[in-house]
Amino acid sequence: MAGRIDLRRRVRVADARYGEVVLAGFVQDIRVLKNIAFIVLRDISGVAQIVFKRGSIPDELFEKVCSIPRESVVAVQGFMVESSIAKLGREVIPVEFEVLSEASSPIPIEFLDSSVETSIGRRLDYRFLDLRNPAVSAIFKVQSVITGLLHEFFRSRGFIEVHTPKIVAEATESGASVFPVDYFGRRAYLAQSPQFYKQMLMASGFEKVYEIGPVFRAEPHHTPRHLCEYTSIDFEVSYIESYHDVMDVVEDMIVYVADRIGGICGREFDILGVKPPRIVKGLPRITVREAYKMVESRGYKPTYMEDLDTRGERVFSKAVEEEYGCKAAFLIEFPWRSESRPFYVMRKRDEPDWAYSFDLIWMGLEVTTGGQREHRYDLLRSQCIEKGYNPDNFSFYLEFFKYGVPPHGGSGTGLERLTMRIVGLDNIREAVLLPRDPERVKP
RNA sequence: GCCCUGGUGGUGUAGCCCGGCCUAGCAUCAGCGGCUGUCGCCCGCUGGACGCGGGUUCAAAUCCCGCCCAGGGCGCCA
């Protein structure tokens with residue numbers, strides 16, 4: 001056992017076949033008996049057991065193996081054999097063994113023992129270690145498949161993927177706070193939504209665009225569903241008849257992901273101990289006015305002509321589940337005057353107090369917001385004024401509507417919120433590698 | 001922005017209400033020893049902690065004040 005192991009011959013544990021193999025990974029556990037020792041080696045794909053028998057390897061190596069700190073990185077070359085004794089059903093008989101990087105001990109967080117659950121704060125401080133936990137990395141494997149499926153979905157439907165600026169001159173849409181940045185001595189902001197640019201591209205005749213990218217919100221929310229930086233799944237489509245056409249896209253998109261994710265990520269769902277989501281086409285579309293009644297009949301008093309608040313949304317979700325047997329539903333027709341509805345939404349033709357706007361509520365969580373946009377210049381301008389803004393501040397945006405723009409609409413979905421619902425998380429910070437919240441900007 | 005809760009070994013907790021019985025318990029972890037097959041290994045021994053500063057008191061992990069840090073709820077939102 002003196003040779004170097006050629007790492008180019010390495011295979012992942014899950015791909016290893018019987019016969020000669022090279023594996024490399026972290027030492028998850030070492031169990032030492034008098035004349036036999038076991039190393040459980042973990043890589044991104046799974047775990048394998050290596051058996052060291054005193055006598056069949058040099059004593060010096062045996063002693064060395066016994067003293068390797070947990071979580072060190074090692075490589076082994078040997079033979080994968082079937083084993084009726086090993087619970088994994090197979091194990092590696094080593095020929096060569098190498099420590100590639102020794103870990104210090106103790107490890108600052110405990111991440112593999114389910115009896116000792118490290119708090120989220122400390123886990124995030126040591127996120128690079130936390131992510132070694134298969135139940136944590138599984139979330140991101142699923143998320144990667146989600147975004148892959150989303151790209152597949154949009155492309156198959158003729159959407160053009162775009163990348164809009166993240167440094168912008170003006171604060172977009174509503175009053176949502178923005179992060180100022182110093183742009184060569186001028187004030188600029190981090191984009192809190194690709195909204196205006198998506199709409200610009202409708203004016204450019206792109207017809208269907210989508211973007212999956214970061215957005216920034218400088219709001220000091222202290223909740224398990226808010227981040228100051230998150231990934232937004234945005235799309236915009238032209239030539240719609242109504243905002244129902246937009247909801248159709250959202251619904252198809254969610255169903256596309258939900259239908260496929262379980263089949264692709266079976267192992268990850270097993271590790272996470274949850275069932276893949278079941279979302280079927282035909283989600284109820286319930287007006288806010290109906291929702292007021294639904295929650296009121298369940299003892300919750302809504303504020304009329306306002307959006308449902310957090311508790312209201314939860315009661316609503318429960319009502320939807322009871323009455324429709326659905327975990328998700330569209331909430332439609334929002335009060336125009338509500339602060340959270342921006343000036344660019346199209347108002348209802350016969351009832352201008354209501355807007356062609358929708359939210360997708362999935363088990364009490366607002367996952368998506370969207371609607372039909374007002375594309376008629378004069379109306380858009382007057383709505384801007386009515387909402388209390390100075391149209392001069394939005395001149396670059398209003399320009400888009402002066403030279404012909406198709407009727408259009410679109411929506412934005414929070415990738416992390418979607419991930420939460422798909423893999424069953426109750427804190428959004430579990431759904432992002434390195435969360436940014438009002439208290440945390442590192443690591 | 002407002003409102004709660006909490007900071008005890010590397011990690012997670014018990015103790016705090018009702019100060020002394022705390023030389024601070026347990027689990028995990030780490031170190032040593034034992035066991036030809038472990039697999040949430042097991043058994044024995046050993047190691048390690050009261051966020052910081054001030055106050056009250058004969059006596060403070062425990063009560064009071066300030067600070068720092070961390071969680072959570074609300075508004076709001078994807």
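Residues numbered from 1 in each chain as written. Chains lettered and ligands numbered in written order. Predicted model: local features only at pLDDT ≥ 70, side-chain atom pairs only at ≥ 80, totals over all residues. Heavy atoms only, no water.

K.L.:
Explanation requested: the domain arrangement of chain A in the structure shown.
P.N.:
When the parts of a complex come together, some accessible area is lost, and that lost area is often used as the size of the interface. Assigned domains of chain A: these are domain 1 (7-101) and domain 2 (134-431). Distance from the C-alpha centre of domain 1 to the C-alpha centre of domain 2: 48 Å. Taken together, the contacts link four residues of domain 1 with four residues of domain 2. Regarding the contact of domain 1 and domain 2, the summed buried area is about 240 Å², with carbon and sulfur atoms giving 53% of it. Area buried by domain 1 at its contact with domain 2 is led by R42, I44 and S45, which between them contribute 87% of it. (Domains from an automatic or database assignment. Contact = heavy atoms within 4.5 Å. Buried area = accessible area lost by both parts, 1.4 Å probe.)

K.L.:
What am I meant to see in the protein's contact with RNA strand B here?
P.N.:
Taken together, 55 residues sit near RNA strand B, with I85, R225, S340, R417 and R429 positioned nearest. Counted by atom, the contact set of RNA strand B within 4 Å of the protein is 57% sugar and phosphate. Here R70 contributes a side-chain N or O atom positioned 3.0 Å from a phosphate oxygen of RNA strand B. In this structure, E366 approaches RNA strand B through a main-chain N or O atom, which is 2.4 Å from a sugar or linking oxygen. When residues of the surface near RNA strand B are traced back to their parent elements, those giving at least two are strand 1 (19-32), strand 2 (36-43), strand 3 (46-53), helix 2 (120-125), helix 9 (310-324), strand 15 (365-372) and strand 16 (408-414). Partitioning the surface near RNA strand B into residue classes produces 16 nonpolar, 18 polar and 21 charged. (Near = heavy atom within 4 Å. Polar contact = N/O pair within 3.5 Å; in protein donor to acceptor, adjacent residues only side chain to side chain. Helix = DSSP H or I, 4+ residues; strand = E, 2+ residues; numbered from the N terminus. Nonpolar A, V, L, I, M, F, W, Y, C, P; charged D, E, K, R; others polar.)

K.L.:
I tried to follow the sheet that holds strand 12 (residues 285-287) on my own but got confused; where do I start?
P.N.:
Pairing between the strands of a sheet comes from backbone hydrogen bonds, and it takes one of two forms, parallel or antiparallel. Read across the sheet, eight strands follow the order 6-10-11-16-15-14-13-12 without closing on themselves; strand pairing throughout is mixed. Of all the strands in the sheet, just strand 6 (160-161) and strand 12 have a single pairing partner and so form its edges. Contacts from helix 4 (residues 134-156) reach strand 6, strand 10 (208-216) and strand 11 (229-238) within the one sheet, and its direction differs from that of strand 10 by about 150°. Sheet contacts for helix 6 (residues 243-264): strand 11, strand 12, strand 13 (328-335), strand 14 (354-362), strand 15 and strand 16; angle to strand 14, the most-contacted strand, approximately 10°. (Pairing = 2+ DSSP bridges. Axes fitted to C-alpha atoms, helices over the stretch in contact; angles between N-to-C directions.)

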